[in-house]
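Structure assessment
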Amino acid sequence: PYCADTEPFLKLVEQAAEDARMRPCLRDLARAMRGRWLMRTGRFDAATEVLKPLQYLTQWALIGPLDNRDGAGFTIAHELEKSIDFEKTIDGRNRRISWFWPCAQPDDGKINLTELFEPRIHVLAYAVTFVHAEVSVWAALRASCAGALKVSVNDETVGSVGAYHDFGADKLAAPIYLHQGWNQILVKTAVIENTEWGFALRLCKP
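Criteria and cut-off values
- Residues numbered from 1 in each chain as written.
- Predicted model: local features only at pLDDT ≥ 70, side-chain atom pairs only at ≥ 80, totals over all residues.
- Heavy atoms only, no water.
- Axes fitted to C-alpha atoms, helices over the stretch in contact; angles between N-to-C directions.
- Helix = DSSP H or I, 4+ residues; strand = E, 2+ residues; numbered from the N terminus.
- Parallel < 35°, antiparallel > 145°, perpendicular 65-115°, else oblique.
- Left-handed = near helix turned anticlockwise from the far one by under 90°.
- Contact = heavy atoms within 4.5 Å.
- Nonpolar A, V, L, I, M, F, W, Y, C, P; charged D, E, K, R; others polar.
- Salt bridge = Lys/Arg side-chain N within 4 Å of Asp/Glu carboxyl O.
- Buried < 20%, exposed > 50% of the residue type's maximum accessible area, 1.4 Å probe, protein only.
- Phe/Tyr/Trp six-rings, centres within 6.5 Å; stacked < 30°, edge-to-face > 60°.
- Lys NZ or Arg CZ within 6 Å of the ring centre and 35° of its normal.
- Pairing = 2+ DSSP bridges.

**A look at the packing of helix α1 (residues 7-18) against helix α2 (residues 24-40)**
In contact at an axis separation of 7 Å, α1 and α2 are set at 140 degrees when each is read in the N-to-C sense. The pairing of α1 with α2 is recorded here as oblique in orientation. Two packed elements cross with a definite hand, and for α1 against α2 that hand is left-handed. Along its contact with α1, which presents Phe-9, Leu-10, Val-13, Glu-14, Ala-16, Ala-17 and Glu-18, the element α2 presents Arg-27, Ala-30, Arg-31, Met-33, Arg-34 and Trp-37. Of the residues in the contact of α1 with α2, the class split is 8 nonpolar, no polar and 5 charged.

What follows is the structure, encoded as structure tokens:
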């Protein structure tokens, strides 16, 4: 954002995204940076096409905020980690809370929870989505996040990020097994204060 001439940067990330000699994770990172730049400059259709191959998961149901004072809530397994009931309300940080479906489905996959919840410090939230697999298959799940994060696939924890830092790409990478049919992906995400709060998940080949 502070560069007088952006062309060298744009040419570099465009070339890197298509360079077969580079590691796949670096090509994906270059593609993501290019897509976010296009979004930032208002070229949304072009950004959609650039980001589509990254396969971000964009449709989520969310519930929160729950208590995470002193970071204690993140270590507690809440009831909904065992059973998802979209009709049920639960006790939140300061009121009864229920599941909801945000209208926004960002092309870059980033769910900005700071804009969705109040209060937005010392709290946590859950997000769930469902992925359909035509056949049983191994995949790689890559999670970007701001704040702490834990991901479960079909009720099995596949990985977590315990540090409450600002947003970073692909902080968590884990192999997952998708059964034929529908598969549940549950995210637990928490924040304390003075950081961003959000996450983005995508699936790719191992």
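**Observations concerning the pattern of salt bridges**
Taken as a whole and judged by the stated rule, the model has 16 salt bridges. Ionic pairing is found between Arg-93 and Asp-67, a salt bridge with its closest N-O pair at 3.9 Å. Here Asp-67 lies in strand β1 (residues 61-67) and Arg-93 lies in the loop between β2 (90-91) and β3 (96-97), a separation of 26 residues in the sequence. The exposure class of Asp-67 is partly exposed, given its relative accessible area of 30%. For the salt bridge of Arg-120 with Glu-118, the shortest nitrogen-to-oxygen distance reads 3.2 Å.

**Concerning the packing of aromatic side chains**
Each aromatic ring pair is summarised here by two numbers: the centre-to-centre distance and the angle between the ring planes. Scanning the model with the defined rule gives 7 aromatic pairs in all. With a centroid separation of 5.3 Å and 50 degrees between ring planes, the pair formed by Phe-86 and Trp-101 is classed as tilted. With Phe-86 in the loop between β1 and β2 and Trp-101 in the loop between β3 and β4 (111-112), the pair connects residues that are 15 residues apart, well separated along the chain. For Trp-101, a relative accessible area of 52% corresponds to the exposed category. Put simply, the rings of Phe-86, Trp-99 and Trp-101 touch in pairs and so form one group of aromatic residues. Above the ring of Phe-167, the side-chain terminus of Lys-110 is found at 4.3 Å from the ring centroid. A cation over an aromatic ring shows up here: Lys-188 above the ring of Phe-74, its NZ or CZ 5.6 Å from the ring centre.

**Brief notes about the sheet that holds strand β9 (residues 168-178)**
Judged by pairing direction, the sheet is antiparallel, and its 4 strands sit side by side in the order β4-β11-β6-β9 without closing on themselves. Strand pairing shows two members of the sheet lacking a second neighbour, β4 and β9, which therefore form its edges. As defined by bridge partners, strand β6 (residues 137-146) adjoins β9 across 8 bridges and the pair is classed as antiparallel. Paired with Leu-141 across the bridge in β9 is Ala-174.

**A look at the pairing of strand β11 (residues 198-204)**
Within a regular beta strand, the side chains point alternately toward one face of the sheet and then the other, so they alternate between its two faces. Counted residue by residue, β11 has 7 buried out of 7 residues, so it is predominantly covered. Residues of β11 alternate between two faces, with Gly-198, Ala-200, Arg-202 and Cys-204 on one and Phe-199, Leu-201 and Leu-203 on the opposite face, all of them buried. Sheet topology note: the β4/β11 ladder contains 2 bridges and is antiparallel. Within the sheet, the bridge partner assigned to Ile-111 lies in β11 and is Phe-199. By the bridge criterion, 7 bridges tie β6 to β11 in an arrangement that is antiparallel.

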